[in-house]
Amino acid sequence: MKVVNLKQAILQDWKERWSDYQWAINMKKFFPKGATWDILNLADALLEQAMIGPSPNPLILSYLKYAISSQMVSYSSVLTAISKFDDFSRDLCVQALLDIMDMFCDRLSCHGKAEECIGLCRALLSALHWLLRCTAASAEWLREGLEAGTPAAGEKQLAMCLQRLEKTLSSTKNRALLHIAKLEEASSWTAIEHSLLKLGEILANLSNPQLRSQAEQCGTLIRSIPTMLSVHAEQMHKTGFPTVHAVILLEGTMNLTGETQSLVEQLTMVKRMQHIPTPLFVLEIWKACFVGLIESPEGTEELKWTAFTFLKIPQVLVKLKKYFHGDKDFTEDVNCAFEFLLKLTPLLDKADQRCNCDCTNFLLQECGKQGLLSEASVNNLMTKRKADREHAPQQKSGENANIQPNIQLILRAEPTVTNILKTMDADHSKSPEGLLGVLGHMLSGKSLDLLLAAAAATGKLKSFARKFINLNEFTTYGSEESTKPASVRALLFDISFLMLCHVAQTYGSEVILSESRSGAEVPFFETWMQTCMPEEGKILNPDHPCFRPDSTKVESLVALLNNSSEMKLVQMKWHEACLSISAAILEILNAWENGVLAFESIQKITDNIKGKVCSLAVCAVAWLVAHVRMLGLDEREKSLQMIRQLAGPLFSENTLQFYNERVVIMNSILERMCADVLQQTATQIKFPSTGVDTMPYWNLLPPKRPIKEVLTDIFAKVLEKGWVDSRSIHIFDTLLHMGGVYWFGNNLIKELLKEAWKEHTLRAVELLYSIFCLDMQQVTLVLLGHILPGLLTDSSKWHSLMDPPGTALAKLAVWCALSSYSSHKGQASTRQKKRHREDIEDYISLFPLDDVQPSKLMRLLSSNEDDANVLSSPTDRSMSSSLSASQLHTVNMRDPLNRVLANLFLLISSILGSRTAGPHTQFVQWFMEECVDCLEQGGRGSVLQFLPFTTVSELVKVSAMSSPKVILAITDLSLPLGRQVAAKAIAAL
């Protein structure tokens, strides 16, 4: 029998009435091996022949069904062939096609090449579009039948269509394949959306409620396909979230000047990773603010917390509102959070007592102003709180009755900051006396700290400092001046200098520094602060050239200090005097030690130094602090005595304006400058007290105890309590500073791995994450680059990775990785820049770039692995074992974090491909599960882009990871290769 083509062969077999299996034997005989049936379009040819008449040809249809059952044809070719049929008026043909779909629509699979799997996705998308068109046509037919009085046939066909739709869409695997197809063919998805709208309009008038509800359910499933990765269940069973609490406490205590945007991003990340419902999330923020207010030490810290709570946090919530535009209504969530907050009566009563006012009332007013609450909600909540306050413990009247609450003062200070900034913009030479009056008013009482706290909380502190630097620069020198302008200039220089020192010590020197501009002259104060001002973690060299200016200037200054009865002011170059004073003090000290000068002369000189301008005394003490560090125990006495002389106030009537106010600021500056050196030399200097502890968080570590003991003790206390307080945060910060990042991270991870109770380990993870926020970038590098690889490659440590501590460590590692990766493109926070840190290790030599030179980590792995090529996929040897989405996105691999992540995922790939299973394999599974749980999609910019493509097929072998959603989440679907890898893995499930 001579066969011309496939169509002819099918007709011949039909004429001879071959049975289905005989037909298959014949076909294989006539068409020898080589070309596959899909290439010959067998499914297309069979359907075309079967659908020629008004009703389908049953024998040819039986051939197609046999071909499907015996896998002669692929599912994608059948689906494509079905979707080409568009004559929906032939109801019997349509029903036959629906029956064929019923055979396999809920168990699609493909074990071929990646291109074939992508073909299946596209075919399924076409079939879905065909089903929607078919359903619409059936609904139209039913409507016509109802009008004609013959609804039964139309209803039956519509029910069949909806049943196939529901069966196809109820499979998560099918929805995942459609998700990939949608990204492959955006135009086809648009057509599906249009068909869905059209179908909705037709079915709106359908009288059968069962069919209508079935159709709505199918519509919901189709609409859920694009967002199937971003649906996460929120934690409704928990009420406390220690991480949010600690992040707020950390920011309020240590980073008031930090950018609002970075705090918003950090909080959003925590909310997403921990699936926290919005009302409870906002409640936790308020709870932390009130706790911070209650436990803040009196003085500057209390003002900083007040500004943080009432000025900065409402701004943070305004930005969060924009982030959560998907939430039904953010204002409703804020209202709900306040309703919960009002139930915490003891907390609110304690805060009211501490702040001497109704805190909630002020907070509600601020939220109302920012549009976070409606007016009705504000009034309702205020009424409830007022009723509660009537039962609150009565505060002692009398002494506190006349004191204005800090909250009121801070809220008033905010507009004042703006006005002062405008005043400072004016030409200083026109009315220096007027400007001096404004600055003098700022120095009185706690005005300066109030204004600085308000400026810091509203992001205006940097411009505030810039204006004072400009003023300071303007007043360094004045030519041809008389006595009065000279004294005004001296005062403006002194006040601006002291204010800038105070800002640098309270909020960090980064606030003062300007962005480096090439060629621009650096202002005097910036130069002095960077080279001469003692700070925590900064060791100064007293013999540095900055302390050794022109000798003639030094000699004239020594003569002036020694011979004059008081400091001259006219035509004085204050910047030169400040830079020369260190060398002058050295000359005077040498003269005193050699008996040339008596103690009375020293008193006269120190009185001269501090008599008119306090900034000279600050510059002198700055050098003395550096000098004392270099002296032996028996050589320090005179230097320390000189510091004592300079610290005390001068009781004289011949001082300049605002002398007492300036001395108060000077003393707080000197106390902070000398704190370290006095502790190291076991010396005490009594600085005139203002009644408030100027350094509340200084020297918190207990003496003569190993720092490891202190670390384990403080962590145990925090874990038992369930939340981190401000004092603990400062102790952790000091320990991190002393022990270094590796020591700090490693010891805390050891503490985590000791925990045996699941509740304790989860609490420990939440607390550790927030403690690591002290320096998240560096801790993450240590955790992912050193600690985890050490645990995963050393079989003697595998037992410590068992559940529950292993699960907890996986969770912590993922949280740290995500936080660092999302923020490492931004700037490090102020407190992280300030810390002097050691080099952990050269990450470039530890983790080389190319596959030719294996990293230290990979060599370690291959030494105990039989199969040298464990990373290569057996199905596709052409793909590089380490090729990942990050390489296709050309991510900068010179960045240490990118490098560490890439190598960690190579290690994970190696563990999954190795023949040895154990707790380390289980750990990798938990790590990947947590990645999937925290990420909305493994697309560009996520840590999973560093996962080698070949690892996906290995992961699917782990039962817990063999789900379509997991595969979609771990592959980068923005890349064609990523979609192919995902389609291949899902189609094989």
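Please read all numbers here as calculations on a predicted model, not as lab measurements. (Residues numbered from 1 in each chain as written. Predicted model: local features only at pLDDT ≥ 70, side-chain atom pairs only at ≥ 80, totals over all residues. Heavy atoms only, no water.)

Some details on the overall build of the chain
Here is step 1: When its secondary structure is counted, the chain shows 46 helices and 0 strands.
Here is step 2: Counting all 989 residues of the chain, 55% fall into the buried class.
Here is step 3: The long-range fraction of contacts in the chain, counting pairs at least 24 apart against all pairs at least 6 apart in sequence, stands at 79%.
Here is step 4: Roughly 42700 Å² of accessible area belongs to the chain as shown, and the carbon and sulfur atoms make up 52% of that amount. (Helix = DSSP H or I, 4+ residues; strand = E, 2+ residues; numbered from the N terminus. Buried < 20%, exposed > 50% of the residue type's maximum accessible area, 1.4 Å probe, protein only. Contact = heavy atoms within 4.5 Å. Areas by Shrake-Rupley, 256 points an atom, 1.4 Å probe, with all protein chains shown as cover.)

Here we look at the nonpolar core
As a rule of thumb, nonpolar side chains are buried together in soluble globular proteins.
Here is step 1: Ranked by internal contacts, the top residues of the largest apolar core, which has 343 residues, are W528, F927 and M928.
Here is step 2: The leading source of residues in this core is helix α7 (residues 114–148), at 16 residues.
Here is step 3: Ignoring anything within four residues of it in the chain, the contact list for F927 reads A810, A813, V814, L904, F905 and I908. (Core = buried A, V, L, I, M, F, W, Y, C linked by side-chain atoms within 4.5 Å.)

Some remarks on the packing of helix α5 (residues 75–83) against helix α6 (residues 91–104)
Here is step 1: Relative orientation of the contacting elements α5 and α6 amounts to 155°, with a least axis distance of 11 Å. Relative to α6, the element α5 is oriented roughly antiparallel. Two packed elements cross with a definite hand, and for α5 against α6 that hand is left-handed. Of the residues in α6, those touching α5 at Y75, V78, L79 and I82 are L97, I100, M101 and F104.
Here is step 2: Among the residues forming the contact of α5 with α6, the class breakdown is 8 nonpolar, no polar and no charged. (Axes fitted to C-alpha atoms, helices over the stretch in contact; angles between N-to-C directions. Parallel < 35°, antiparallel > 145°, perpendicular 65-115°, else oblique. Left-handed = near helix turned anticlockwise from the far one by under 90°. Nonpolar A, V, L, I, M, F, W, Y, C, P; charged D, E, K, R; others polar.)

Structural notes on the side chain of S728
Here is step 1: With respect to the element layout, S728 can be found in helix α33 (residues 726–739).
Here is step 2: Accessibility expressed as a relative area gives 5% for S728, which makes it buried.

Some points on the packing of aromatic side chains
Here is step 1: Counted according to the given criterion, the structure contains 17 aromatic pairs.
Here is step 2: These aromatic residues form a ring-pair network of at least three members: F493, F497, F524, F525, W528 and W574.
Here is step 3: The cationic tip of K304 hangs over the ring face of Y507; the distance from NZ or CZ to the ring centre is 5.0 Å.
Here is step 4: Its guanidinium or amino end placed over the ring of W592, K638 lies 5.4 Å from that ring's centre, counting from NZ or CZ. (Phe/Tyr/Trp six-rings, centres within 6.5 Å; stacked < 30°, edge-to-face > 60°. Lys NZ or Arg CZ within 6 Å of the ring centre and 35° of its normal.)

Things to note about the packing of helix α4 (residues 58–69) against α6
Here is step 1: Contact geometry of α4 with α6 gives a least axis separation of 11 Å together with a crossing angle of 15°. Looking at the two axes, α4 sits roughly parallel to α6. Note that α4 runs across α6; the crossing there is right-handed. Packed against α4, whose contacting residues are L61, L64, K65, I68 and S69, the element α6 presents A96, I100, M103 and F104 at the interface.
Here is step 2: Broken down by class, the residue content of the contact of α4 with α6 amounts to 7 nonpolar, 1 polar and 1 charged.

Remarks on helix α27 (residues 574–593)
Here is step 1: Look at α27: 28 Å from first C-alpha to last across 20 residues, which is about the 28 Å you get at 1.5 Å a residue.
Here is step 2: Its maximal kink placed at I581, α27 deviates by approximately 40°.
Here is step 3: The buried fraction of α27 is high, at 14 of 20 residues.
Here is step 4: In the segment just after α27, G595 is the residue with positive phi, at about 80°. (Expected span 1.5 Å × (residues − 1). Bend = angle between axes of the 7 residues up to and from the residue.)

Quick word on helix α30 (residues 637–647)
Here is step 1: Within the sequence span of α30, burial applies to S639, L640, M642, I643, Q645, L646 and A647.
Here is step 2: Lining the buried residues of α30 we find α27, α28 (599–611), α29 (614–629) and α31 (659–680).

Overview of the environment of E751
Here is step 1: Within the secondary structure, E751 sits in helix α34 (residues 741–754).
Here is step 2: Once the C-alpha coordinates of E751 and T761 are considered, the two residues, 10 residues apart in sequence, prove to be 9.9 Å apart.
Here is step 3: Those residues in contact with E751 that lie beyond four places of it in its chain are T712 and F715.

Some details on the pattern of salt bridges
Here is step 1: In this structure the tally under the stated criterion is 25 salt bridges.
Here is step 2: Salt-bridge contacts for K369 lead to E366; the nearest nitrogen and oxygen are separated by 3.0 Å. Of this pair, K369 and E366 both sit in helix α18 (residues 359–369), 3 residues apart, roughly one helical turn.
Here is step 3: We classify E366 as buried; its relative accessible area is 7%.
Here is step 4: For D713, the salt bridge goes to R705, with nearest N and O atoms at 2.6 Å.
Here is step 5: Among the charged side chains, a salt-bridge network with shared partners connects D349, D352, D358, R385 and R389. (Salt bridge = Lys/Arg side-chain N within 4 Å of Asp/Glu carboxyl O.)

Some remarks on the side chain of H179
Here is step 1: Considering the arrangement of structural elements, one finds H179 in helix α9 (residues 172–184).
Here is step 2: For H179, a relative accessible area of 3% corresponds to the buried category.
Here is step 3: Among the polar contacts listed, one links the side chain of H179 to the backbone oxygen of I225, at a separation of 2.8 Å. (Polar contact = N/O pair within 3.5 Å; in protein donor to acceptor, adjacent residues only side chain to side chain.)

Comments concerning the environment of R489
Here is step 1: Positionally, R489 belongs in helix α24 (residues 483–507).
Here is step 2: Separated by 17 residues in the primary sequence, R489 and N472 have C-alpha atoms spaced 9.4 Å apart.
Here is step 3: One polar contact links the side chain of R489 to the main-chain carbonyl oxygen of T475, over a distance of 2.9 Å.
Here is step 4: Looking at R489, its side chain comes within polar contact range of the main-chain oxygen of M572, at 2.8 Å.

Let's talk about unusual backbone geometry
Glycine aside, the phi torsion of most residues is negative, and most peptide linkages are trans.
Here is step 1: Residue P804 is reached from D803 by a cis peptide bond, and omega for that bond is 10°.
Here is step 2: Notably, H275 is not glycine yet its phi reads approximately 50°, a positive angle.
Here is step 3: Residue position: H275 is located in the loop between α13 (260–274) and α14 (278–295).
Here is step 4: Residue class for H275 comes out buried when judged on its relative accessible area of 11%.
Here is step 5: In this model, N356 sits at a positive phi of 60°, which is unusual for a non-glycine residue.
Here is step 6: With respect to the element layout, N356 can be found in the loop between α17 (345–355) and α18.

Some words on the confidence of the model for the chain
Atom-level detail of predicted coordinates should not be read off regions where pLDDT is low.
Here is step 1: Mean pLDDT over the chain: 81, with 85% of residues reaching 70 or higher.
Here is step 2: For residues 826–844, every residue scores under 50 in pLDDT, and the model assigns this stretch 46 contacts once sequence neighbours within four places are set aside. (pLDDT = per-residue confidence, 0-100.)

As for the environment of A620
Here is step 1: Structurally, A620 can be placed in helix α29.
Here is step 2: Taking the relative accessible area as the measure of exposure, A620 reaches 0% and is therefore buried.
Here is step 3: When the C-alpha atoms of A620 and L586 are compared, they prove to be 9.6 Å apart, with 34 residues separating the residues in sequence.
Here is step 4: With near-sequence residues (within four places) excluded, A620 lies in contact with I581, I585 and L646.

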